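Architecture and fold: a report
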Amino acid sequence: MAWLTTIFGLLTAANLARSAAVPASTLIDDTPLPLIIWHGLGDNYAADGIASVAELAQEANPGTLVYVIRIDDDASADRSATFFGNITLQIKKVCEDLATHPILSTAPAVDALGFSQGGQLLRGYIERCNKPPVRSLVTFGSQHNGVSKFQACEMTDWVCKGALGLLRSSTWSSFVQSRLVPAQYFRDLTQYDQYLEHSNFLADINNERVLKNKTYEKHMESLEQFVMYMFEDDTTVIPKESGWFAEVIGEDITPLVDTATYKENWIGLKTLNEKGALSFLTTPGRHMSLSDELLTKVFKDYYGPYGRSFKKAGEAVNWQEEL
Ligand SMILES: *[C@@H]1O[C@H](CO)[C@@H](O)[C@H](O)[C@H]1NC(C)=O
Ligand SMILES: *[C@@H]1O[C@H](CO)[C@@H](O)[C@H](O)[C@H]1NC(C)=O
């Protein structure tokens, strides 16, 4: 891997002087940036499905180092952590893992892929830490603006059932907010005051409280690409338009561009949109029905070598007016 000795090597503190003397353009080679993947609810970092996604990423951009984010090295504990835990602590751990990883920590940037809840968790990583910084963030069926209903569990998934049973009983208690992952991105506008007061994750990461964290905005604005995929027939995520950061009350869908989050640029999404770095895309099928073809296209369009250029996204508008 050439970049390990050239680009990344030059960026270490000891070599800063040298890096200033050598024009960056002579250092760029074809080695792709590393890719970090954050899996979804009920999945684990060692699962076959994730391994095959990693393989596809390496086929699309040969030489890609793929790191699958984990909360625990034990696969079943890692799965459990998708249901249980305090997201603040989970993100803190991921920040430490990435910042101390021997290769990732020396990379000038990484690309990121978030599946379902992994998408908003990656946003948490970016906003709070971003070391190494993320260049392209692609999310599939994520819950960027929360869920207003909890998804159903498989009949035999007792971990899931136990978690959701507790959730329904007392979403806003600090007991639940510090222990159950989906409760921390539950967002219901009919309970907005309680959400603002008690949400342990989403209200903070979306900068919805009176005190805005400018670091969150700055980190998001540093993305070169933020691509949100929504599954057209998603019945797992309610509302599915949360995958596009929309706000939904009953039948009423407010697209991101018409929300205060966007208009007041709470987390830099307006800036991203205006520089052509924000994409709203759909793919047919139910939650997480992904084809190899689509993934390969995404990997080629948004990941790859450091310093590559990207096609500008069309400016997002109110898609309901477009129809
Ligand atoms: C904003 O977020 C950064 C990164 O997590 C944190 O270090 C800082 O303390 C936060 N600022 C405020 C005012 O909460
Ligand atoms: C989650 O952990 C953080 C860090 O320890 C803590 O400040 C916060 O209160 C916890 N959240 C809840 C809801 O207990």
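Scope of this entry: the structure provided in the associated data block. Each chain carries its own residue numbering, running from 1 in the direction its sequence is written. Chain letters and ligand numbers both follow the written order, the letters beginning at A and the numbers at 1. With pLDDT at 70 or above as the cut-off, local features in this predicted model cover only qualifying residues; side-chain atom pairs require 80 or more to be listed or tallied, and sums for whole chains, interfaces and linings still use all residues. Side-chain numbers come from the whole structure's heavy atoms, not from hydrogens or water.

This part is about the packing of helix 4 (residues 48–60) against helix 15 (residues 292–302). Helix packing geometry: the angle between the two helix axes and the distance between the axes. Only the contacting stretch of a helix is used when fitting its axis, a line to C-alpha atoms as for every element, and angles between N-to-C directions run 0 to 180 degrees. Helical segments are the DSSP runs of H or I of at least four residues, strand segments are the runs of E of at least two, and each set is numbered from the N terminus. Interaxial distance between helix 4 and helix 15 falls to 9 Å at its minimum, and their mutual angle equals 50°. Regarding the angle of helix 4 to helix 15, the classification is oblique. Remark: the crossing between helix 4 and helix 15 carries right-handed chirality. Facing helix 4, whose interface residues are V53, L56, A57 and A60, helix 15 presents D292, L295, T296, F299 and K300. Angular relationships are summarised with four words: roughly parallel below 35 degrees, roughly antiparallel beyond 145, roughly perpendicular across 65 to 115, and oblique for the angles in between. By definition, turning the near helix anticlockwise from the far helix through less than a right angle yields a left-handed crossing, and turning it clockwise yields a right-handed one. It only takes one pair of heavy atoms within 4.5 Å for two residues to be counted as in contact.

Across the interface, helix 7 (residues 117–128) lies against helix 12 (residues 214–221) with an axial gap of 7 Å and an inter-helix angle of 110°. Comparing their axes, helix 12 and helix 7 come out roughly perpendicular. For the pair formed by helix 7 and helix 12, the contact residues are R123, I126, E127 and R128 on the first element and T215, Y216, H219 and M220 on the second. Here the residues of the contact of helix 7 with helix 12 are counted per class, giving three nonpolar, two polar and three charged. Throughout, the ten residues Ala, Val, Leu, Ile, Met, Phe, Trp, Tyr, Cys and Pro are labelled nonpolar, Asp, Glu, Lys and Arg are labelled charged, and all others, Gly among them, are labelled polar.

For the rest of this paragraph, the subject is the nonpolar core. Among buried residues, those of type Ala, Val, Leu, Ile, Met, Phe, Trp, Tyr and Cys that are joined through side-chain atoms within 4.5 Å constitute a nonpolar core. Accessible area is worked out with a 1.4 Å probe on protein chains only. A residue is then buried under 20% of its type maximum, exposed over 50%, and partly exposed in between. Counting residues in hydrophobic clusters, the biggest one holds 58 residues, and the most contacted among them are I36, V134, F226 and L269. Beyond its immediate stretch of four places on either side in the chain, L269 contacts M220, F226, F245, L256, T261, Y262 and L278.

Let us look at empty space enclosed by the protein. Method remark: on a 1 Å grid restricted to protein atoms, a set of points is classed as a cavity if a 1.4 Å probe fits but cannot get out and as a pocket if it is open with protein on both sides within 12 Å along at least five of seven lines; lining residues have an atom within 4 Å of a point. Grid points are joined across faces, edges and corners, and a volume is the space filled by probe spheres set on the points. Under the criterion given, the structure shown has three cavities of 30 Å³ or more. Its volume calculated, the largest cavity comes out at about 100 Å³. Around the largest cavity, the lining comprises 13 residues; the ones closest to its centre are L41, Q143, V147, Q151 and Y185. Computed from the structure, the second largest cavity encloses a volume of approximately 60 Å³. W38, H39, I69, R70, I71, D78, A81, T82, Q90, Q117 and L121 are the residues that line the second largest cavity. Mapped by element, the contributors of at least two residues to the lining of the second largest cavity are helix 5 (75–83) and helix 7. Looking at the lining of the second largest cavity element by element, the count peaks at three residues for helix 5.

Attention now goes to the site of ligand 1. In these notes, residues near a molecule or strand are those with any non-hydrogen atom within 4 Å of it. Close to ligand 1 lie R128, N213 and Y216. For the purposes of these results, a polar contact is taken to be a pair of N or O atoms within 3.5 Å, where, inside protein, one atom must be able to donate a hydrogen and its partner to accept one; residues adjacent in sequence count only when each atom of the pair is a side-chain atom. In this structure, an oxygen atom belonging to ligand 1 sits 2.2 Å away from a side-chain N or O atom of N213. Taking 360 Å² as the accessible area of ligand 1 by itself, protein coverage stands at 39%. Each accessible area is a Shrake-Rupley result for a 1.4 Å probe, and residues are judged covered by the shown protein chains and nothing else.

Take a side-chain nitrogen of Lys or Arg and a carboxyl oxygen of Asp or Glu: if they are within 4 Å of each other, that pair is a salt bridge. Following the criterion strictly, the structure yields 10 salt bridges and no others. With a closest N to O distance of 2.8 Å, D111 and R135 form a salt bridge. Here R135 lies in strand 4 (residues 134–140) and D111 lies in strand 3 (residues 110–115), a separation of 24 residues in the sequence. For D111, a relative accessible area of 0% corresponds to the buried category. Notably, a salt bridge pairs E274 with K270, separated by 3.4 Å at the nearest N-O pair. With E274 and K270 both in helix 14 (residues 269–274) and four residues apart, the pair spans about one turn of that helix. Judged by its relative accessible area of 48%, E274 is partly exposed. Salt bridges linked by common partners bring R187, E208 and E247 together as one network.

Attention shifts here to the state of the cysteines. Only a pair of cysteine sulfur atoms within 2.5 Å counts as a disulfide in this structure description. Counted by the stated rule, this structure contains one disulfide. Bridging C95 to C129, the disulfide has an S-S length of 2.0 Å. Taking the sign of the S-S torsion, 95° for the link of C95 and C129, the bridge is right-handed. Placement of the pair is C95 in helix 6 (residues 87–100) and C129 in the loop between helix 7 and strand 4, with a sequence separation of 34 residues. A residue is classified by how much of its surface remains accessible, and C95, at 8% relative accessible area, is buried. Accessibility expressed as a relative area gives 23% for C129, which makes it partly exposed.

The analysis is restricted to geometry; functional conclusions fall outside its scope.
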